[in-house]
There are 2 protein chains.
Amino acid sequence: MRDGSPLAHTQWRLGILIAQIARRWRARLDQRIAEYGLTEARWLCLLTISRGGEGMTQKDLAARLLIEGPTLVRTLDWLEAEGLVLRREAPHDRRAKTLHLSAKARPLIQRIETAATGVRAEILAGIPDADLAACLSVLERVATGLAVPAPAPPPEEASDGYRPA
Amino acid sequence: MRDGSPLAHTQWRLGILIAQIARRWRARLDQRIAEYGLTEARWLCLLTISRGGEGMTQKDLAARLLIEGPTLVRTLDWLEAEGLVLRREAPHDRRAKTLHLSAKARPLIQRIETAATGVRAEILAGIPDADLAACLSVLERVATGLAVPAPAPPPEEASDGYRPA
DNA sequence: CCGCAATATCTAGCTTCCTCATCATGAGGA
DNA sequence: TCCTCATGATGAGGAAGCTAGATATTGCGG
């Protein structure tokens, strides 16, 4: 597993590294946004609607957020009750609903974006653009690789004596 | 915010990118470990004890995992009931307890490490070592920057008319 | 026109993981 | 001894995810 070479060792840390970055990054952003009663799932929802062009259906949004329908329903319920999001009937499919931001949501999203930009600036301060670009391209690639459902469920031979109970 | 340049646009995506990678990565690993009844919080706990040298107190572990005491107590309760972790009284402080892995836990940890290595190999397949190393060094730096509690809570002047309700 | 599968959303129920407030006990200094 | 802080446990509760099943709508085949 760890063969001693610096790259291998750091690779071994990569998973934990990314997980911790994601967690602390979000925590820091949450800290500054929490006063509006928003949590990660909620502001991610708002931002995604804002970026996606405000006419997407719930199914579209769920797909973008990588969550299931029922999970999204509750988040939207909250956002709608809060007067931030509107559910309208979709023009050509009465089953579906399109999502829109209220006037009240727009300044809020501005604040979220501002906070996000601030946090990002703090975090990335002093890192050369070239390094950053390289890192981003790797991450994009990783994300793409992760987007496909699953490569192959390995056979998993049991040779260490452990039994799942 | 978005000025149109490719770097700026991708930078803007960086937070979401890392969050999604972390999430999907964990989901993929969870899939393969779930059969042992383990969840993220639980195997992270095991791995951290294993790496940390098996004598740490609960407080130490909580600090490493970035969670609060009560959260850890429950996870440890489960792990202890499962016979994977032992709580022993600390030698010089009867309030504290030191954490140790049982013999049953060791092969399980091996399996977790194996699964983690497999997932990592899938995810990083085809990415040149040099790019990866560059990316890792940026991430290490980001993680370090995030480790310090908080740079400065900004004054946050309200000029957009939004009120927190 | 009618039946039926697929689709979009919602409801209900469950699990995991986290938090805060509070408590019992032990440690350590005045 | 007494007071204060530290460690871990417990209770209550919230956020957010899932699956399964219900309901309404769409659109196709006969």
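Looking up chain A in an unreviewed UniProt entry gives the name HTH marR-type domain-containing protein, with the organism given as Paracraurococcus ruber.

(A) Focus on the packing of aromatic side chains. According to the stated counting rule, one finds zero aromatic pairs over all chains in the structure shown. Over the ring of tryptophan 78 of chain A we find arginine 42 of chain A; its NZ or CZ atom is 3.8 Å from the centre of that ring.

(B) The nonpolar core, seen in detail. Membership of the largest hydrophobic core comes to 90 residues, with the highest contact counts inside it found for Leu46 of chain A together with Leu46 of chain B. Ignoring anything within four residues of it in the chain, the contact list for leucine 46 of chain B reads Leu38, Leu79, Leu84, Val85, Leu101, Leu108, Ile109 and Ile112 of chain B.

(C) A look at the protein's contact with DNA strand C. Gln58, Lys59 and Arg95 of chain A together with Thr39 and Thr71 of chain B are the nearest of the 23 residues found near DNA strand C. A share of 70% is what sugar and phosphate atoms reach among the atoms of DNA strand C within 4 Å of the protein. Lysine 97 of chain A places a polar side-chain atom, nitrogen or oxygen, 2.9 Å from a phosphate oxygen of DNA strand C. Between a phosphate oxygen of DNA strand C and a main-chain N or O atom of glutamate 40 of chain B, the distance comes to 3.5 Å. Counting residues per element, the ones that place at least two in the surface near DNA strand C are helix 3 (58-65) and helix 4 (69-81) of chain A together with helix 2 (40-52) and helix 4 (69-81) of chain B. A class-by-class count of the residues in the surface near DNA strand C yields six nonpolar, four polar and 13 charged.

(D) Examining the environment of glycine 37 of chain A more closely. All names here are of chain A. Position of glycine 37 among the secondary structure elements: in the loop between helix 1 (6-33) and helix 2 (40-52). Residue classification places glycine 37 among the partly exposed residues on the basis of a relative accessible area of 32%. Along the primary structure glycine 37 and glutamate 82 are separated by 45 residues, whereas in three dimensions their C-alpha atoms are 9.9 Å apart. Once residues lying within four places of it in the same chain are set aside, the contact partners of glycine 37 are Arg42 and Trp78.

(E) Examining the protein's contact with DNA strand D more closely. Neighbouring residues of DNA strand D: 23 residues in total, closest Thr39 and Thr71 of chain A together with Gln58, Lys59 and Arg74 of chain B. When atoms of DNA strand D within 4 Å of the protein are split into backbone and base, the sugar-phosphate part holds 68%. With respect to DNA strand D, the side chain of glutamine 58 of chain B contributes an N or O atom lying 2.7 Å from a phosphate oxygen. Here a phosphate oxygen of DNA strand D sits 3.1 Å away from a polar atom, N or O, in the side chain of lysine 97 of chain B. Among the elements of the structure, helix 2 and helix 4 of chain A together with helix 3 (58-65) and helix 4 of chain B are those that each provide at least two residues to the surface near DNA strand D. The class makeup of the residues in the surface near DNA strand D is six nonpolar, four polar and 13 charged.

(F) Looking closely at the pattern of salt bridges. Residue and element names in this part refer to chain A. Applying the stated criterion across every chain yields a total of 16 salt bridges over all chains. Residues arginine 32 and glutamate 122 are paired through a salt bridge, measuring 2.9 Å at the closest nitrogen-oxygen approach. With a gap of 90 residues between them, arginine 32 in helix 1 and glutamate 122 in helix 5 (residues 105-124) connect regions that are remote in the sequence. Since its relative accessible area comes to 27%, glutamate 122 is described here as partly exposed. As a salt-bridge pair, arginine 87 and aspartate 77 come within 2.2 Å of each other at their nearest N and O atoms. On the criterion of sequence distance, the pair formed by arginine 87 in strand 1 (residues 85-89) and aspartate 77 in helix 4 is long-range, its members being ten residues apart. Taking the relative accessible area as the measure of exposure, aspartate 77 reaches 38% and is therefore partly exposed. A network of salt bridges, in which partner residues are shared, links Arg26, Asp30 and Glu40.

The rules behind the values
- Residues numbered from 1 in each chain as written.
- Chains lettered and ligands numbered in written order.
- Predicted model: local features only at pLDDT ≥ 70, side-chain atom pairs only at ≥ 80, totals over all residues.
- Heavy atoms only, no water.
- Phe/Tyr/Trp six-rings, centres within 6.5 Å; stacked < 30°, edge-to-face > 60°.
- Lys NZ or Arg CZ within 6 Å of the ring centre and 35° of its normal.
- Core = buried A, V, L, I, M, F, W, Y, C linked by side-chain atoms within 4.5 Å.
- Buried < 20%, exposed > 50% of the residue type's maximum accessible area, 1.4 Å probe, protein only.
- Contact = heavy atoms within 4.5 Å.
- Near = heavy atom within 4 Å.
- Polar contact = N/O pair within 3.5 Å; in protein donor to acceptor, adjacent residues only side chain to side chain.
- Helix = DSSP H or I, 4+ residues; strand = E, 2+ residues; numbered from the N terminus.
- Nonpolar A, V, L, I, M, F, W, Y, C, P; charged D, E, K, R; others polar.
- Salt bridge = Lys/Arg side-chain N within 4 Å of Asp/Glu carboxyl O.

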